[in-house]
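Structural overview for review
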Amino acid sequence: EHTLLRVPLVRRIYPALRQLTDFMVSDKRPAGFQRVVAIPYPHPGLYSIAFVTGEDLPAMKAVTGKRLLTVFVPSSPLPLTGWICLVPAEQAVPLQMGVEEAIRFFVSAGVSRPAPLLSSGNAVPPG
């Protein structure tokens, strides 16, 4: 960590990134940050990895009649910013990927891949 802080560009973004990572992987984070999903975003046919931050926003459920998930889609390579989307629960594909793995994926601009699972496939079917 001391060596990283000597690199000019890293020195500027590392503290904020470390704070975000510590928050997301700590036991004190909101329960919703423990789930990683893939959602059709920015349009059908393309998928983005997102963190579920909540469920069933009453005002939206009253209008749509659907169970919606509130998800945070981080931007890459610095996942401190991103988009909040409301996604029908049936469109969110739960992933067998930890929050820390997902953050590494975003920071590395998709280069870092989660370790392959011993079971068949990395995604759990929705349901």
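On to a nonpolar patch on the surface, then. The grouping of Ile13, Leu78 and Leu80 at the surface amounts to a nonpolar patch, some 200 Å² of accessible area in total. With respect to the helices and strands, the residue Leu80 is situated in the loop between β3 (68–74) and β4 (82–88).

Turning our attention to the nonpolar core. Counting residues in each nonpolar core, the largest one holds 11 residues, listed as Val37, Ile39, Ala50, Val52, Leu69, Val71, Val73, Cys85, Val87, Ala89 and Ala92. Elements represented by at least two residues in this core include exactly β1 (36–40), β2 (47–55), β3 and β4. The element contributing the most residues to this core is β3, with three residues. When residues no more than four places from it in sequence are discounted, the contact partners of Val71 are Val37, Ile39, Ala50, Phe51, Val52, Thr53, Trp83, Ile84, Cys85 and Val87. Ranked by size, the runner-up nonpolar core spans nine residues in total, among them Val36, Phe51, Val99 and Phe106.

Working definition: an aromatic ring pair is given by the centre-to-centre distance plus the angle between the planes. The final tally for this structure, using the stated rule, is three aromatic pairs. Plain terms: the ring middles of Tyr41 and Trp83 are 6.4 Å apart, the flat faces sit at 45° to each other, and that makes the pair tilted. Of this pair, Tyr41 sits in the loop between β1 and β2 while Trp83 sits in strand β4, and the two are 42 residues apart along the sequence. Taken together, a centroid distance of 6.2 Å and an interplanar angle of 55° make the contact between Phe51 and Phe106 tilted. Of this pair, Phe51 sits in strand β2 while Phe106 sits in helix α3 (residues 99–107), and the two are 55 residues apart along the sequence.

Another point: the pattern of salt bridges. Inspection of the entire model under this criterion finds three salt bridges. Among the salt bridges present, the one from Arg67 reaches Glu55, with a minimum N-O distance of 2.8 Å. Of this pair, Arg67 sits in the loop between α2 (58–64) and β3 while Glu55 sits in strand β2, and the two are 12 residues apart along the sequence. Given a relative accessible area of 39%, Glu55 falls into the partly exposed group.

This paragraph deals with the environment of Lys61. In this structure, Lys61 sits in helix α2. Setting aside residues no more than four positions away along its own chain, Lys61 makes contact with Asp56 and Lys66.

Per-chain confidence: the protein averages 79 in pLDDT, with 77% of residues scoring 70 or above. The weakest mean pLDDT in the protein belongs to helix α1 (residues 8–25) at 70; the strongest belongs to strand β5 (residues 93–94) at 96. Note on residues 118–127: pLDDT is under 50 here. Beyond four places in sequence and across chains, it has 15 contacts.

All right, on to the sheet that holds β3 then. The sheet built from five strands is open, its strands ordered β4-β3-β2-β1-β5 with antiparallel pairing. Of all the strands in the sheet, the pair left with one neighbour each is β4 and β5. Pairing of β2 with β3 involves four bridges; the strand directions are antiparallel. For Val52, the partnering residue across the bridge sits in β3 and is Val71.

How each quantity is defined
- Residues numbered from 1 in each chain as written.
- Predicted model: local features only at pLDDT ≥ 70, side-chain atom pairs only at ≥ 80, totals over all residues.
- Heavy atoms only, no water.
- Patch = residues over 30% accessible without salt bridge, like charges linked within 9 Å, V, L, I, M, F, W, Y side chains within 5 Å.
- Areas by Shrake-Rupley, 256 points an atom, 1.4 Å probe, with all protein chains shown as cover.
- Salt bridge = Lys/Arg side-chain N within 4 Å of Asp/Glu carboxyl O.
- Helix = DSSP H or I, 4+ residues; strand = E, 2+ residues; numbered from the N terminus.
- Core = buried A, V, L, I, M, F, W, Y, C linked by side-chain atoms within 4.5 Å.
- Buried < 20%, exposed > 50% of the residue type's maximum accessible area, 1.4 Å probe, protein only.
- Contact = heavy atoms within 4.5 Å.
- Phe/Tyr/Trp six-rings, centres within 6.5 Å; stacked < 30°, edge-to-face > 60°.
- pLDDT = per-residue confidence, 0-100.
- Pairing = 2+ DSSP bridges.

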